[in-house]
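Observations on the three-dimensional arrangement
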Amino acid sequence: MSNANDYQALNDTVISNGYCVGCGACAVPEESPFTMNLNDYGQYEAVLASDRVFARASVDIEKVCPFGSGAPSEDQIGKDLFDESCDYDSQVGYYQGTYAGYVAEGAFRDRGSSGGMGTWILNELLDQGYVDHVINVRPGAEGREDGSMLFAYTVSRSTGETQAGGKSRYYPVELSEVLREVRETPGRYAIVGLPCFIKSVRLLQRQDPVLAERIRYCAGLVCGHLKSTRYADSLAWQMGIEPSRLETIDFRVKNPSAPANRYSTSAGSADRQEVVPTNELFGTDWGAGAFKYKACDFCDDVFAETADIVVGDAWLPGYVEDSKGTNIIVTRHPDIQALVDNARQEQRLELDDISVAQAIQSQDAGLRHRRISIAYRLYREQREGRWVPPKRISPSKHLKPRYEQKRQRLRVRLRDLSHHAFIGALKDRDLDTYLKAMRPVYREYKKHSHSWMTRYLWRIKGAVKRCLRLVPGFQRL
Ligand SMILES: Cc1cc2nc3c(=O)[nH]c(=O)nc-3n(C[C@H](O)[C@H](O)[C@H](O)COP(=O)(O)OP(=O)(O)OC[C@H]3O[C@@H](n4cnc5c(N)ncnc54)[C@H](O)[C@@H]3O)c2cc1C
Ligand code: SF4
Ligand code: SF4
């Protein structure tokens, strides 16, 4: 049971310090004084309604928030759910099977961002009668003039609707509306979500018997970080579509003549449709983290450790070369394991058994950022006297190699600058305001992506090349 003090505590810790990832869990309990709001940066965040602050919600509100004080960690939740049937690894969490592969039946792979498993598993649960409804993310808007969102969580009741919810949406979504619908509509549900969202669902289930009974399976996505709506706007604007005119965006268009990680972005307005290779658009270097939520820099769950199955991209040699896309998959729930085993036997899934080490390798950069350098970011926040959410990794000022410290500081700067600079661009109605602010900092960031020794050697190499060009016969170097 929560009272005004608890609400204020969540507000003063998670929300005021910028750690709200906008999942919507705190707005789900009946009588909750929290509502979800899209802020100027294009991020969902919880807002405490002052006229409802004395309402009494039936749950301990700080313990439904994935960043809340006193909320159990992913390790604790995972242990309660999977200890009996799974082994444990500190990076991947609990696991039963680890695979790389794709869906061989239907159009799942063609219509998915990667190997199509994200949609397939929801479809299979529905098709085989394990659930009646699926909660997934579908395109949701007719346009942006009215401020509506391009994607939203919805309840799908047929395999057709489930399939319409394929593809990765690097875009904010929130759970409060759809979970209220679950509470009002009896049935068995499966849900798909990012690691922190699945953690929120598990936390809600610990306190809400109706959600515990109705949500039977959770599918997780491996997660690097979440973007604000401005990420979509910034890509479309670079393609000639102004933010207010953007109606559709696909962040993962497969490019048949390129490796899986060389995908394109497609954006559409009422009168034009553009497709551009994503790496030609500014702000798409995932490591630099433009338009990232601050919460994501303080999150240590990459493999959706509280989900029954997690799917991601197999960014591994031997798989990444295939433009059609290949999933990395970690199974945890025995029912899901049985579905996967069965479909594999029937050759509906084409999967290779891989080691946990390979699963980890597939997310190498993400794990380094979220499991190692998070300690340094926590240290810097604490040093400024700011509250930090409870994490499984302790703050530390030591981060090796040394250039990594500067890189981390620049990542934080790029993150913050992207949000502010884009507001400036919208005000000026000129994308250049954003690009001109970001480009010098990004150049600086790239300079610090390697040790001084490597940079020194590059400089020498450049100087030698320039000298050789002066020598007749070497001009083509
Ligand atoms: C914000 C974000 C960050 C990601 N970061 C990484 C990463 O660092 N490394 C990695 O390997 N993979 C990452 N992924 C996952 C990856 O992009 C693919 O979604 C995943 O490999 C599944 O592809 P698929 O072809 O199997 O699924 P698809 O068949 O394309 O289905 C995707 C499923 O995910 C659901 N979905 C899409 N967007 C969202 C969303 N925002 N919130 C909740 N559900 C959603 C859809 O409704 C659908 O059910 C990320 C995904 C997102 C949305
Ligand atoms: S529960 Fe979710 S929406 Fe509420 S404060 Fe926490 S992160 Fe934000
Ligand atoms: S990085 Fe963590 S906090 Fe951010 S969206 Fe992914 S799971 Fe949530």
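Just so you know, the residues in each chain are numbered from 1, in the order the chain's sequence is written. Here the convention is simple: chains get letters from A, ligands get numbers from 1, in the order in which they are written. Local features in this predicted model are restricted to residues whose pLDDT is 70 or higher, and side-chain atom pairs enter the listing and the counts only when it is 80 or higher, whereas totals over whole chains, interfaces and linings include all residues. Computation of side-chain values: all heavy atoms of the structure, hydrogens and water removed.

An unreviewed UniProt entry lists the protein under the name Coenzyme F420 hydrogenase/dehydrogenase, beta subunit C-terminal domain, from Marinobacter lacisalsi.

Our next topic: the site of ligand 1. Close to ligand 1 lie 36 residues; Ser-114, Thr-119, Gly-165, Lys-167 and Ser-168 are nearest. Two N or O atoms count as a polar contact when they lie within 3.5 Å, although within protein this holds only if one can serve as hydrogen donor and the other as acceptor, and sequence-adjacent residues are included solely when both atoms are side-chain atoms. Within the side chain of Ser-168, one N or O atom sits 2.7 Å away from an oxygen atom of ligand 1. Per-residue accessibility takes into account occlusion by the displayed protein chains alone, with areas from the Shrake-Rupley method and a 1.4 Å probe. Protein burial of ligand 1: of its 920 Å² of free accessible surface, 98% is covered by the chains. For the shell around ligand 1, the secondary-structure elements that each account for two or more residues are helix 4 (117-127), strand 6 (133-139), strand 8 (189-193) and strand 13 (309-313). Put simply, DSSP marks the helices as runs of H or I at least four residues long and the strands as runs of E at least two long, and each gets a number from the N terminus on. Top contributing element to the shell around ligand 1 by residue count: helix 4, with four residues. When we say a residue is near a molecule or strand, we mean one of its heavy atoms is within 4 Å of it.

What follows deals with the packing of aromatic side chains. Here a Phe, Tyr or Trp ring, Trp counted by its six-membered ring, pairs with any other such ring whose centre lies within 6.5 Å, and the pair is stacked when the planes are under 30 degrees apart, edge-to-face when over 60, and tilted otherwise. Counted according to the given criterion, the structure contains 20 aromatic pairs. The ring of Tyr-19 carries Lys-294 above its face, with NZ or CZ at 4.5 Å from the centroid. Between the NZ or CZ atom of Arg-439 and the centre of the ring of Phe-282, over which it lies, the distance is 5.3 Å. In this analysis the charged atom, NZ for Lys or CZ for Arg, is taken to sit over a ring once it is within 6 Å of the ring centre and within 35 degrees of the ring normal.

Within the fold, Glu-242 resides in the loop between helix 9 (229-238) and strand 10 (248-253). Through-space distance from the C-alpha of Glu-242 to that of Ser-269 is 8.7 Å; in sequence the pair is 27 residues apart. Ignoring sequence-local partners within four residues, the contact set of Glu-242 consists of Trp-237 and Arg-429. Contacts between residues were defined by any pair of non-hydrogen atoms, one from each residue, lying within 4.5 Å.

With that settled, consider the packing of helix 13 (residues 374-383) against helix 14 (residues 403-428). At a closest axis distance of 10 Å, the pairing of helix 13 and helix 14 adopts a crossing angle of 65°. Classified by the interaxial angle, the pair formed by helix 13 and helix 14 is roughly perpendicular. Crossing geometry of helix 13 relative to helix 14 is assigned as right-handed. Along its contact with helix 13, which presents Tyr-376, Arg-377 and Arg-380, the element helix 14 presents Gln-405, Gln-408, Arg-409 and Val-412. The residue classification treats Ala, Val, Leu, Ile, Met, Phe, Trp, Tyr, Cys and Pro as nonpolar and Asp, Glu, Lys and Arg as charged. All others, Gly included, are polar. Per-class residue counts for the contact of helix 13 with helix 14 are two nonpolar, two polar and three charged. The angle between two axes is taken between their N-to-C directions and runs from 0 to 180 degrees, where each axis is a line fitted to C-alpha atoms and a helix contributes only its stretch in contact. Convention used here: angles under 35 degrees read as roughly parallel, angles over 145 as roughly antiparallel, angles from 65 to 115 as roughly perpendicular, and any remaining angle as oblique. Less than a right angle of anticlockwise turn of the near helix away from the far helix marks a crossing as left-handed, whereas a clockwise turn marks it as right-handed.

With that settled, the discussion passes to the packing of helix 2 (residues 74-82) against helix 7 (residues 195-207). Closest axis-to-axis distance for the helix 2/helix 7 pair is 11 Å, and the angle between their directions is 65°. On the basis of their axis angle, the class for helix 2 and helix 7 is roughly perpendicular. Helix 7 is crossed by helix 2, and the crossing has left-handed handedness. Between helix 2 and helix 7, the residues in contact are Glu-74, Gln-76, Ile-77, Asp-80, Leu-81 and Phe-82 and Lys-199, Arg-202, Leu-203 and Arg-206, respectively. Of the residues assigned to the contact of helix 2 with helix 7, the class counts are four nonpolar, one polar and five charged.

Each salt bridge in this description consists of a side-chain nitrogen of Lys or Arg and a carboxyl oxygen of Asp or Glu lying within 4 Å of one another. This structure, assessed with the given rule, holds 38 salt bridges. Across the pair Arg-109 and Asp-322 runs a salt bridge whose closest N-O atoms are separated by 3.0 Å. Residue Arg-109 is located in helix 3 (residues 108-111), and its partner Asp-322 is located in the loop between strand 13 and strand 14 (327-331); the two are separated by 213 residues in the primary sequence. Here Arg-252 makes a salt bridge to Asp-313, at a shortest N to O gap of 2.8 Å.

This next bit is on the state of the cysteines. Note: disulfide means a covalent bond formed between the sulfur atoms of two cysteine side chains. When two cysteine sulfur atoms lie within 2.5 Å, the pair is treated as a disulfide. For the structure on display, the rule yields zero disulfides. In this structure Cys-218 is a free cysteine whose sulfur lies 13 Å from that of Cys-196, the closest cysteine sulfur available. Note on exposure labels: buried denotes an accessible area under 20% of the residue type's maximum, exposed denotes more than 50%, and partly exposed covers the range between, all computed with a 1.4 Å probe on protein chains only. Judged by its relative accessible area of 0%, Cys-218 is buried.

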